[in-house]
Structure formats: structure tokens, C-alpha cells
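Survey of secondary and tertiary structure
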Amino acid sequence: MPRDDLLRGRVSRVGQIYHITTTTNDRRPLFRDFDCARIAIAELRRLHDQNVVNSLAWVLMPDHLHWLLQLNGPIGLSNVVKVFKGRSARQLGFRVETGGGVWQPGFHDHALRSEENIRQVARYIVANPLRAGLVEQIGDYPFWDACWL
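Residues numbered from 1 in each chain as written. Predicted model: local features only at pLDDT ≥ 70, side-chain atom pairs only at ≥ 80, totals over all residues. Heavy atoms only, no water.

Here the focus is the pairing of strand 2 (residues 53–60). With seven of eight residues buried, strand 2 lies mostly within the body of the structure. Hairpin geometry of strand 2 and strand 3 (residues 64–71) is characterised by an intervening segment of three residues between the two adjacent antiparallel strands. Relative to strand 5 (residues 144–146), strand 2 is paired through three bridges, and the arrangement is antiparallel. Counterpart to V59 in the pairing with strand 5 is W144. (Buried < 20%, exposed > 50% of the residue type's maximum accessible area, 1.4 Å probe, protein only. Helix = DSSP H or I, 4+ residues; strand = E, 2+ residues; numbered from the N terminus. Pairing = 2+ DSSP bridges.)

Pasting the structure below:
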């Protein structure tokens, strides 16, 4: 899907819960490296600690991120993702040769509807390493979190 199609209809609402998916440039598996993964995770946590978002659940896969968040404001969804990508890319640039950049442009978002079960979506997100065959038990995968645990 062209990037402009992804932007069409995107709305940022304070209090809204979003499922975000974003990938590394060329699907490069940067986050197989423990230190690189910790850098990206630190930036997720910083946005949560700064009360920009309420991180409900996330999983950092080798080449992409799934993030369930509630938008707190004052910045919109696109800017939240932009800040996350910019900060993490800057820090990762000190660690690895990023050539064409760390993150692919754009991201996919899904605003959860009121009838959707948030915990079910969170379980789906954190189970990604199981479905990808990276581990046999979610507890064996180090790069995920959910507020209910």
C-alpha cells in the first residue's frame, strides 16, 4: 500500500488506543542484537515515562515493532512515532552502521474500536515471537512487555 494511502484518514485523538506496527529499513534484523534492542526499548519507555503515551503492550521483533499505546497528548500519533524513530535511530547510529537509515518511512496504525478487547490485542502482540518460531514460550523472549503483568 502506498504511504499516502496509509496517511489518508489518520486521526490522532487523546485517550485513543492504537496498535502501531513499524519495520526496520529493508527489514534488517537489527534487534537480534541485545544492545540494539535495549536502545529501542529505552526510547519506548522514555515516551511512556514522559507521559506522552501510555504503553499498554509492545514486542520488539528482530526487524519490526508492534506497540499498543494510548495517546496522552500533547503531540499527535504521527509525531509520537516520529520522535520514537528519530531518538532510537540517533542512538542506534552510534552502535551500528545504518547505511540507509534504521526505520522504514511510515508506519501502520489501527485505532481500536470500543468493542475490541484490549487485552486480547495485547496477547496477540506479545505472542508474535511464538508465531514466528523464535521461542517456544513467551517468557523465553526478552523484548516484550504488557502493563497487565
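Having seen the model, we can carry on.
What follows deals with the nonpolar core. Membership of the largest hydrophobic core comes to 43 residues, with the highest contact counts inside it found for I20, F31, V53, L60, W67, L68 and F84. Of all the elements in the fold, those that place two or more residues in this core are strand 1 (17–23), helix 2 (34–49), strand 2, strand 3, helix 3 (77–95), helix 4 (118–126) and strand 5. Setting aside residues no more than four positions away along its own chain, I20 makes contact with L65, H66, W67, L69, L77, V81, F107, H108 and D109. (Core = buried A, V, L, I, M, F, W, Y, C linked by side-chain atoms within 4.5 Å. Contact = heavy atoms within 4.5 Å.)

The subject of this paragraph is the sheet that holds strand 3. An order of 4-1-3-2-5 is seen for the five strands of this open sheet, with the pairing classed as antiparallel. With partners counted over all chains shown, the strands left at the sheet margins are strand 4 (108–111) and strand 5, one partner each. The sheet shows a mean angle of 20° between the axes of neighbouring strands, direction not considered. Bridge count between strand 1 and strand 4: four bridges; the pairing is antiparallel. Residue I20 lies in a different strand from strand 4, and its bridge partner there is D109. The strands touched by helix 3 are strand 1, strand 2, strand 3 and strand 4; relative to strand 3, the strand with the most contacts, the crossing angle is about 135°. Contacting strand 1, strand 2, strand 3 and strand 5, helix 4 crosses the sheet at an angle of about 35° to strand 2. (Axes fitted to C-alpha atoms, helices over the stretch in contact; angles between N-to-C directions.)

So, to be careful, I would describe these as geometric facts and stop short of saying anything about function.
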